[in-house]
Amino acid sequence: MTIAARLGTGIFFAILTYLGLSIFPGHTYLLSDTQVYIPLFEHLRNPALFEDELLLRGAHLAYTIYDEVTLALPFPLEQALFLQQFLFRWIGYWGAYLLARSIGLSTGAATLCSALLWLGAFVYGPAVITTEFEPVPRGFAVPLIVATLGLIATDRPRLAALCFGVAFLYHAPAVWPVLLIAIFLRHRFILLATVLSGALLVLLSVQQQGMVASQPFFAIIDPAHRAIQQTRAAYNWISLWPLRQILHFFLSAGLAAFAFHRLAPELPATVRPFLRWLPVIGLATMPISWLGLECIGWSLFPQVQPMRALLYCHLIALWLCPLVAARALMRRAWLEASAWMIIPLTVSLRGDIFLFPATAMRPQLLLAALLLITTFLSTRVAHRALPWALSLMLAPLFGEVLSARAFKPLETPALNSLAAWAEQTTNTNAVFLFPDMGRRAEPGIFRARARRSVYVCWKQGGQVNYFPSYAAEWWQRWTQLLAPNHPTHDFNDLRRRGIHYLVYTNTQPAADLPVVYTSPQFRVFRLQP
């Protein structure tokens, strides 16, 4: 490939990255785990913020460069995270493209296969996404792993090791299946990158002050902690998953294995072991996690969350099936190509493919019809660029038509106005409570936007996997103040807890509390001066 061709492809991937983040599958901020990370970053930048915030007691930023890189960039936090997300997604497009080119696909076909991979899929059960909406460490590491495999396929082991090392630095729990295979293959470049990255993380964790909490390696989860985890973090407990979610992985892993079998003669020998065994490792984590967590109760399992390796079942299926379909189209076998694509596209655009409510039937039939028409045109229209471009444009369009996004942005002008008022008029140590929000995400958004502590919310409970004392404290606050059927709020008790303001949406407390902020959506009462 010439320099001009590489530059053009890179620009096109940048356009795809922008469209993917702005249209489908989309980009979110302060909707999921960034609600946890942003207050931690703000506290690292200004220790006077969030002094009374419960989240700080469950911080786990020791073994990642996520915080160091984000805080080092000369941009506001939101922009710094978006730039990292854009860069690593762009690298991921290159990785998928390189694998497609390594089996002889044309530039257009390889580009389309890469685009289809990054439509992404929600991985039900362990609750992860192959293409993360939020700029979180796993969302940076997975595209780097795809790039690692693409570079291995094109015989660039040093660049592959560099991508793997950066992925390890961002989120080691996402890359261990690849490392396991590399150990068996004695892939010296990846092993060297692992050693260097691990040493750097240890060095950074020693230097990081105030945000590192010790976690026992060998410990058994006590019954109380187990009950809290099963309530708040059911994604770690396979016995709590619906059967259809477990069947998803056998379907996607089986499809990945079948696609690998069809492609194996054409795949470079250097990358075959990774594509063959990653889905198998993903499946193996289910019985291993059941034994280690549910039978033995080893506390390490909810911290490492090994079943999130099931992501590779979906990822490899979404990656290899379009390659098989493209090879079928080269033989003008349009029905075979459609058959290879219907399940991956259904996983990307609908997610829970074994759940067929009546409202999903018509969109699913439309998706199948679109796929058949497009693949048929690919074998009949003389100018092949037209159907490829048509497919590329219609996939995001139908993602919107099918309401395929798993999440919708929740920030509103009213919530942002409330946060702006709190930041401008309240003390930095003020503590807020949202008594009638329950499990909703708005309190976490408020915390990050207002840079003020929230006494308890559902999102805080995501840290119960790590520290028993944190889990007990969060559970006590949750059950007494926000859980369904909680006791009636005693304002004197709330004052003793150090809460300064109550934010209500639908109800009002006793009239003797002064109203300090009001809008059509929110009303804030002051508990303490």
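The preceding data block contains the structure.
Let me begin by describing the structure that accompanies this report. Everything numeric here is computed off the predicted structure, so don't read it as measured data.

### Quick look at the overall build of the chain
Part 1 of the argument: A tally of helices and strands in the chain yields 21 helices and 7 strands.
Part 2 of the argument: Looking at the chain as a whole, 56% of its 529 residues are labelled buried.
Part 3 of the argument: For the chain, long-range pairs separated by at least 24 residues make up 72% of all intrachain contacts whose partners lie at least 6 apart in sequence.

### A word on unusual backbone geometry
Part 1 of the argument: The omega torsion of the bond from Phe-24 to Pro-25 falls at 5°, within 30 degrees of zero and hence cis.
Part 2 of the argument: Of note, Pro-25 is situated in the loop between α1 (3-22) and α2 (34-45).

### Looking at the nonpolar core
Part 1 of the argument: Counting 161 residues, the largest nonpolar core has Leu-275, Leu-418 and Phe-446 as its most contacted members.
Part 2 of the argument: Looking at which element gives the most residues to this core, the answer is helix α14 (residues 311-330), with 16 residues.
Part 3 of the argument: Not counting chain neighbours up to four residues away, the residues in contact with Phe-446 comprise Leu-415, Leu-418, Ala-419, Ala-422, Phe-432, Phe-434, Arg-451, Arg-452 and Val-454.

### Details of the pairing of strand β5 (residues 501-504)
Part 1 of the argument: Side chains Tyr-501 and Val-503 project from β5 onto one buried face, and the interleaved Leu-502 and Tyr-504 project onto a second face that is buried too.
Part 2 of the argument: Two elements, strand β3 (residues 431-433) and β5, share 2 bridges in a ladder whose sense is parallel. Across the sheet, the residue bridging to Phe-432 is Tyr-501, located in β5.
Part 3 of the argument: When β5 meets strand β7 (residues 523-526), the two strands line up antiparallel, connected through 4 bridges.

### Overview of the packing of aromatic side chains
Part 1 of the argument: All told, the structure shown has 31 aromatic pairs when counted by the stated rule.
Part 2 of the argument: Geometrically, the ring pair formed by Trp-241 and Phe-249 is tilted, given 6.3 Å between the ring centres and 50° between the ring planes.
Part 3 of the argument: Taken together, Phe-13, Trp-90, Tyr-93, Trp-94, Tyr-97 and Trp-118 form an aromatic cluster joined through their ring pairs.

### Describing helix α12 (residues 272-296)
Part 1 of the argument: Taking 1.5 Å per residue as the helical rise, α12 with its 25 residues ought to reach 36 Å, and the 35 Å between its terminal C-alpha atoms agrees with that figure.
Part 2 of the argument: At Ile-288, α12 shows its largest kink, close to 30°.
Part 3 of the argument: Taken from the residues just after α12, Gly-297 is the one with a positive phi, measuring 85°.

Conventions used here
- The residue numbering used here restarts from 1 in each chain and proceeds along that chain's sequence as written.
- Predicted model: local features are reported for residues with pLDDT of at least 70 only, side-chain atom pairs are reported and counted for 80 or more only, and whole-chain, interface and lining totals are derived from all residues.
- As a rule here, side-chain values cover all heavy atoms of the structure and leave hydrogens and water aside.
- In this text, helices come from DSSP runs of H or I with a minimum length of four residues, and strands from runs of E with a minimum of two, each type numbered from the N-terminal end.
- Each residue is assigned to one of three classes by its accessible area relative to the maximum for its type, calculated with a 1.4 Å probe on protein chains only: buried under 20%, partly exposed between the two thresholds, exposed over 50%.
- The contact criterion used throughout is that any non-hydrogen atoms of two residues lie within 4.5 Å.
- Definition of nonpolar core: a set of buried residues of the types Ala, Val, Leu, Ile, Met, Phe, Trp, Tyr and Cys, connected through side-chain atoms within 4.5 Å.
- In this description, strands pair whenever DSSP reports at least two bridges between them.
- Note on aromatic contacts: the rings of Phe and Tyr and the six-membered ring of Trp form a pair at centre separations within 6.5 Å, being stacked when their planes are under 30 degrees apart, edge-to-face when over 60 apart, and tilted otherwise.
- Between the first and last residue of a helix there are one fewer steps than residues, each counted as 1.5 Å, and that sum is the expected span.
- The bend reported for a residue corresponds to the angle between axes fitted to the seven residues ending at that residue and the seven starting there.

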